[in-house]
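In case you want the letters, here they are:
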Amino acid sequence: SALKFFSPSPNCPDCVGLSEELRIVRLVMEMGYIPIAISCADETRRCWAPPRDIPRIEYALNHPLLLSGLSFHGDDGGDAGRDFDGGGGGGKN
């Protein structure tokens, strides 16, 4: 879930900010990238499904607030990350 990658704030009261995910965000920012965390559409099972989730990923990556480099961190082996980046399940795009 994307809520794991950011600390709670007035803009994201449901964010939980788990330590490992916060570390990933910090490292990505130190490398000069914009961290992006995208949750799958299936909030119950939390399983990625390319037909349903790839449009969500494309929408996020084409959002006008993104003005510079990107880092895509795939979740724990989900198919959407693999299909989106051509095979690896993560990596810079």
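What comes next concerns the included structure. All figures in this text were calculated on a predicted structure; none of them were measured in a lab. Residue indices follow the written sequence of each chain, beginning from 1 at its first position. Thresholds applied to this predicted model are a pLDDT of at least 70 for local features of residues and 80 or more for the giving and counting of side-chain atom pairs; totals over whole chains, interfaces and linings are not thresholded and use all residues. The side-chain numbers reported here are obtained from all heavy atoms of the structure, hydrogens and water having been left aside.

Digging into the overall build of the protein chain
- If you tally the helices and strands in the protein chain, you get three helices and two strands.
- Strands are runs of DSSP state E lasting at least two residues, helices are runs of H or I lasting at least four, and both sets are numbered from the N terminus onward. When the helices and strands of the protein chain are read in sequence order from the N terminus, they spell out α-β-α-β-α.
- Categorising residues by exposure relies on relative accessible area from a 1.4 Å probe, with only protein chains included: less than 20% of the type maximum marks a residue as buried, more than 50% marks it as exposed, and the intermediate range marks it as partly exposed. Put simply, the protein chain has 93 residues, and 29% of those count as buried.
- The accessible surface values rely on the Shrake-Rupley method and a 1.4 Å probe; as for residues, cover is taken only from the protein chains in view. Of the roughly 6,200 Å² that the protein chain leaves accessible, carbon and sulfur atoms contribute 54%.

What about the environment of isoleucine 38?
- Looking at the secondary structure, you find isoleucine 38 in the loop between strand S1 (34-36) and helix H2 (50-61).
- Residues isoleucine 38 and serine 1, 37 residues apart in the sequence, show an inter-C-alpha distance of 7.1 Å.
- Ignoring anything within four residues of it in the chain, the contact list for isoleucine 38 reads Ala2, Trp48, Ile57 and Ala60. Any two residues whose heavy atoms approach within 4.5 Å are treated as being in contact.

Digging into the pattern of salt bridges
- Note on definitions: salt bridges are taken to be side-chain nitrogens of Lys or Arg within 4 Å of carboxyl oxygens of Asp or Glu. Under the definition given, this model contains four salt bridges.
- Residue arginine 45 is joined to aspartate 42 by a salt bridge in which the shortest nitrogen-to-oxygen separation is 4.0 Å.
- Look at arginine 45 and you get exposed, because its relative accessible area is 62%.
- Linking arginine 56 and aspartate 53 is a salt bridge whose minimum nitrogen-to-oxygen distance equals 3.8 Å. Pair noted here: arginine 56 and aspartate 53 are both in helix H2, with a separation of three residues, about one helical turn.
- Its relative accessible area of 36% is what places arginine 56 among the partly exposed residues.

Here we look at the environment of proline 8
- Here proline 8 shows up in the segment before helix H1 (19-30).
- The class of proline 8 is exposed, set by a relative accessible area of 52%.
- Not counting chain neighbours up to four residues away, the residues in contact with proline 8 comprise Pro13, Cys15 and Val16.

Quick notes on the state of the cysteines
- Two cysteine sulfurs form a disulfide in these notes if their separation is within 2.5 Å. Enumeration over the complete set of coordinates arrives at one disulfide.
- Between the sulfur atoms of cysteine 12 and its disulfide partner cysteine 15 the distance amounts to 1.8 Å. One disulfide, between cysteine 12 and cysteine 15, carries an S-S torsion of 80° and so falls in the right-handed class.
- Residue classification places cysteine 15 among the buried positions, given a relative accessible area of 6%.
- Not part of a disulfide, cysteine 40 finds its nearest cysteine sulfur in cysteine 47, a span of 6.9 Å.
- Given the relative accessible area of 31%, cysteine 47 is considered partly exposed.

Function cannot be read off these values alone, since they describe shape.
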